[in-house]
Number of protein chains: 2
Amino acid sequence: MPKIAKKGIDMPASPIRKLTPYADKAKKDGKTVFHLNIGQPDIPTPEIMLDAVKHIDFKVWAYTPSEGTASYREKLSTYYNKLGYGVDASQIMVTNGGSEAITIAFLACLNPGDEIIIPEPFYANYNGFACMADVTIRPILSTIENGFALPSIAEFEKLIDSKTKAIAICSPNNPTGYLYSKEEMESLKALCLKHDLYLFSDEAYREFCYDGNEFVSPMHLDGIEEHVVVFDTVSKRYSACGARLGCLITKNKEVLQTSLKFAQARLSAPSVAQIAGEAAIDTPQSYFDTVLEEYTIRRNILVEGLNAIPGVFCSTPGGAFYVVAKLPIDDADRFCQWMLESFSKDEKTVMMAPATGFYSTPGAGKNEVRLAYVLNQEDLRQALDCLADGLAQYPGKTV
Amino acid sequence: MPKIAKKGIDMPASPIRKLTPYADKAKKDGKTVFHLNIGQPDIPTPEIMLDAVKHIDFKVWAYTPSEGTASYREKLSTYYNKLGYGVDASQIMVTNGGSEAITIAFLACLNPGDEIIIPEPFYANYNGFACMADVTIRPILSTIENGFALPSIAEFEKLIDSKTKAIAICSPNNPTGYLYSKEEMESLKALCLKHDLYLFSDEAYREFCYDGNEFVSPMHLDGIEEHVVVFDTVSKRYSACGARLGCLITKNKEVLQTSLKFAQARLSAPSVAQIAGEAAIDTPQSYFDTVLEEYTIRRNILVEGLNAIPGVFCSTPGGAFYVVAKLPIDDADRFCQWMLESFSKDEKTVMMAPATGFYSTPGAGKNEVRLAYVLNQEDLRQALDCLADGLAQYPGKTV
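Bear in mind that the values here come from a model prediction, so they are computed numbers and not experimental data.

1. Brief notes about the relation of the copies chain B and chain A
Then, in step 1: When chain B is brought onto chain A, the operation consists of a screw motion whose angular component is 180 degrees and whose axial shift is 0.0 Å, with 0.0 Å RMSD remaining. With respect to symmetry, the two chain copies, as superposed, fit the operation of a two-fold axis. Residues of chain B ranked by C-alpha distance from the rotation axis are headed by Lys54(B), positioned 2.0 Å from it.
Then, in step 2: Most of the interface of chain B is mirrored in chain A, where 100% of its interface residues are also at the interface.

2. Topic: the packing of aromatic side chains
Then, in step 1: In total, this model carries 44 aromatic pairs over all chains according to the counting rule given.
Then, in step 2: Seen in terms of ring centroids, Phe335(A) and Trp338(A) are 6.2 Å apart; in terms of plane orientation they differ by 20 degrees. Their pairing is stacked. With Phe335(A) and Trp338(A) both in helix α12 (residues 332-341) and 3 residues apart, the pair spans about one turn of that helix.
Then, in step 3: Residue class for Phe335(A) comes out buried when judged on its relative accessible area of 0%.
Then, in step 4: Its relative accessible area of 14% is what places Trp338(A) among the buried residues.
Then, in step 5: On the numbers, 5.7 Å between centres and 10 degrees between planes, the contact of Tyr198(B) with Phe200(B) is stacked. The burial state of Tyr198(B) is the same as that of Phe200(B); both residues are buried.
Then, in step 6: Taken together, Tyr205(A), Phe208(A), Tyr295(A), Phe321(A), Tyr322(A) and Tyr373(A) form an aromatic cluster joined through their ring pairs.

3. Quick look at the interface of chain B and chain A
Frequently, the measure chosen for interface size is the accessible area that the parts lose on association.
Then, in step 1: On the side of chain A, 78 residues touch chain B, which itself brings 78 residues to the contact.
Then, in step 2: The interface formed by chain B and chain A includes 0 salt bridges.
Then, in step 3: At the junction of chain B and chain A, the tally comes to 41 residue pairs in polar contact (both at pLDDT 80 or more).
Then, in step 4: Going through the elements one at a time, α1 (6-10), α3 (47-54), α5 (97-109), α6 (125-133), α9 (253-265) and α10 (271-280) of chain B are the ones with two or more residues in the side of chain B that touches chain A.
Then, in step 5: The leading source of residues in the side of chain B that touches chain A is α9(B), at 7 residues.
Then, in step 6: Residues of the side of chain B that touches chain A, tallied by class, amount to 43 nonpolar, 19 polar and 16 charged.

4. Some thoughts on the domain arrangement of chain A
Residues and elements named next belong to chain A.
Then, in step 1: According to the domain assignment, chain A consists of domain 1 (6-44 + 286-393) and domain 2 (47-280).
Then, in step 2: Taking only C-alpha atoms into account, the centre of domain 1 sits 25 Å from that of domain 2.
Then, in step 3: Here domain 1 and domain 2 share 3 salt bridges between them.
Then, in step 4: The partner of Asp134 in a salt bridge is Lys7, and the shortest N-O contact between them spans 3.1 Å.

5. Thoughts on the sheet that holds strand β11 (residues 353-354) of chain A
All names here are of chain A.
Then, in step 1: The 3 strands are arranged β9-β12-β11 in an open sheet whose pairing can be described as antiparallel. Both edges of this open sheet fall to β9 (322-326) and β11, since each of them pairs with a single strand only.
Then, in step 2: Sheet topology places β11 next to strand β12 (residues 368-372); 2 bridges connect them, and they run antiparallel. In the sheet register, Pro354 faces β12, and the bridge partner there is Val369.

6. So, α10(B)
Then, in step 1: Within α10(B), 8 of the 10 residues are buried, leaving the element largely enclosed by the surrounding structure.
Then, in step 2: Buried residues of α10(B): Ser271(B), Val272(B), Ala273(B), Gln274(B), Ala276(B), Gly277(B), Ala279(B) and Ala280(B), and no others.
Then, in step 3: Looking at the buried side of α10(B), the elements it contacts are α3 (47-54) of chain A together with α3, α4 (70-82) and β2 (92-95) of chain B.

7. Thoughts on the pairing of strand β7 (residues 228-233) of chain A
Residues and elements named next belong to chain A.
Then, in step 1: Counting buried positions along β7 gives 6 out of 6 residues, so the element sits mostly inside the fold.
Then, in step 2: Taking every second residue as pointing to the same face, both faces of β7 are buried, with Val228, Val230 and Asp232 on one and Val229, Phe231 and Thr233 on the other.
Then, in step 3: Relative to β7, strand β6 (residues 198-202) runs parallel, the two sharing 4 bridges. Each bridged residue has a counterpart across the sheet, and for Leu199 the counterpart in β7 is Val228.
Then, in step 4: Across 5 bridges, β7 lies against strand β8 (residues 246-250) in antiparallel orientation.

8. A closer look at the nonpolar core
Then, in step 1: By size, the foremost hydrophobic cluster in this structure holds 302 residues, and its most contacted members are Phe200(A) and Phe200(B).
Then, in step 2: In contact with Phe200(A), not counting residues within four places along its chain, are Ala105(A), Phe106(A), Cys109(A), Leu110(A), Ile116(A), Ala166(A), Ile167(A), Ala168(A), Ile169(A), Val229(A) and Phe231(A).

9. Considerations on the pattern of salt bridges
Residues and elements named next belong to chain A.
Then, in step 1: Within this structure, the stated rule accounts for 41 salt bridges over all chains.
Then, in step 2: Between Lys25 and Asp29 there is a salt bridge, and its shortest N-O distance comes to 2.8 Å.
Then, in step 3: Lys25 gets classed as partly exposed once you look at its relative accessible area, which sits at 48%.
Then, in step 4: Of the charged contacts, one joins Asp211 and Arg299 as a salt bridge, the two residues approaching to 2.8 Å between their closest N and O atoms. Of this pair, Asp211 sits in the loop between β6 and β7 while Arg299 is found in helix α11 (residues 285-308), placing the two residues 88 residues apart along the sequence.
Then, in step 5: On the accessibility criterion, Asp211 (53% relative accessible area) is exposed.

Rules used in this analysis
- Residues numbered from 1 in each chain as written.
- Chains lettered and ligands numbered in written order.
- Predicted model: local features only at pLDDT ≥ 70, side-chain atom pairs only at ≥ 80, totals over all residues.
- Heavy atoms only, no water.
- Least-squares fit on C-alpha atoms with pLDDT ≥ 70 in both.
- Contact = heavy atoms within 4.5 Å.
- Phe/Tyr/Trp six-rings, centres within 6.5 Å; stacked < 30°, edge-to-face > 60°.
- Helix = DSSP H or I, 4+ residues; strand = E, 2+ residues; numbered from the N terminus.
- Buried < 20%, exposed > 50% of the residue type's maximum accessible area, 1.4 Å probe, protein only.
- Salt bridge = Lys/Arg side-chain N within 4 Å of Asp/Glu carboxyl O.
- Polar contact = N/O pair within 3.5 Å; in protein donor to acceptor, adjacent residues only side chain to side chain.
- Nonpolar A, V, L, I, M, F, W, Y, C, P; charged D, E, K, R; others polar.
- Domains from an automatic or database assignment.
- Pairing = 2+ DSSP bridges.
- Core = buried A, V, L, I, M, F, W, Y, C linked by side-chain atoms within 4.5 Å.

Here it is as structure tokens:
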């Protein structure tokens, strides 16, 4: 029997789905499981987008150009230019979800053995994309105590050596919800220019900034155009995760042309999604206002509810729809599994993502969990009750 | 400015699209261009499939499980079991087109530096997937004179060394249209068992077998279950290239579980396509009968028409919808470009794919082109007229 590849062995399993068998078992046993573990929003997709799907009028479901349809890229450029990105359609390459944009950028820009610095905790699947491209992620610890703000530039400098090729950020952040300030972005810019590094910017949660906080992209900064590659997706913006539609944006021609070769090898992104994505650009502002209001309420319920539980702490995230909370427990992996296997309150329990999966540093995040506030307010309150009761009963509690 | 990766430089550009700027120019100049260069069929997608898209009834366009929806995989298994594959849903992983199935299998099964033997000419994008996974393709020459039949096993044996990890085939073949016989498949099976190699089987054109020829998959052969990985796609079967829906099928549990980790990193395949793909399994047989009849007629028109042109030779392909033809010319790349740039007949011309892009051996296929018979009969006849005239006028002709 032929052997599997080393990369196949090294490839990390998704930490978010690690506990799925326990959740399945809990449901089979009749428990209601509140899914705070995964970023699948319950928010309806804009009707304008679903209508576009329902009204397709082609007879042949054909390939689109590898870089995406001209009309979708044109429309996307209007969206980005409203945000002040100053891009034209030729600087946008449509991808199979944001995931593929990241994979292609890693392959196009980074050599095997190259290093990429990412503040941790970070989106766990970056580990998978790095494995695919044989690049090494050097984590730099951000801490719950200061709300997961950008670590000091001095800390970055300590990690930078001849192998360092890029810095990757995600703002608003998954898993922490932290939103980088203009000052933090400027300091990253200076760092990337000083050391000639790529600045990869994962902007999946751009539309989710709370309390009037301003979103700042590296696309807003002058003089760093050749360094910046933005990863975007319709998944969260329009609650359209299943469309698998993202894009890669860069003003660096060489990166774009190289990325296009990878896109050509896989021929095309999904065409119906591109039709829908094009329609979605005309989603009325009222949709986003309503969604933002709803998420703000949920965030407040969750943050207040968490901090009201003895021994629990979390800061108030400025964006996205996640929060990382510190719990009075010995081991988040064990606790999250216990909540599914051994706990229920009125036949209900909560599934959370142990934060360990979002850290590279061994041992980091051992008493932290990530919670996604993607459920309605009533379910969130019930989930909080479950968590409070679970913590009170958990044999491994530390306070 | 940060440097591009070596892999980004090495990544081959798509040979099928290399001449696109010349075709665009020709169209701008008012010429009609018959596209025989690319496998985008003009055949209508089954209505049952498009109707499924038009009747989506979800409110939230959500992720599906990374391995595909349970109902689609279940339905797919009924399709494969009608073909005698003996698979269950758990042995099928849904992918973003056939392309992703190939990429994932390469990454999961092959180490950097490993070698994979592929009879050439072969589907040009295998070069891109190999580049992504850092594996080396060792081509083994099949020749136009014997219709691109499987090269002798002795020729394979000459290439096999400690680095050889897999053999990849595509039957019916893109670009040659050759359909491997039961005997050829049995000899490949024996070879893979003897040397403990994976047998990758690209079956994109399975439904297109002519003249009553039987399609044989390695899935039909006993005793090689652990070695076989099948790549499939709905692109050609249902003329649904833009759905970006494929799958990876294997009875090797380790390969499947490892592949799933790669699928988890990118979260999900497109959900609307899976709904449509599930509906498509119920496409009536009459659809395939009609399509097969049409392609048979087109093939006959093209093959007879080509062989009637002085100095042109092609064999009669047993499947797919491509033919590789030998032309009386100095250089296929130059000729194909000349046909777009410098030739027209009644303001019409033909775009073909130079076969050089489908060979790895330098110089091979220099006087061959690939033609896809994806146009209607009248257009095909006109394209043949153009080609005959073009060959008569081409300054680099050799007879």
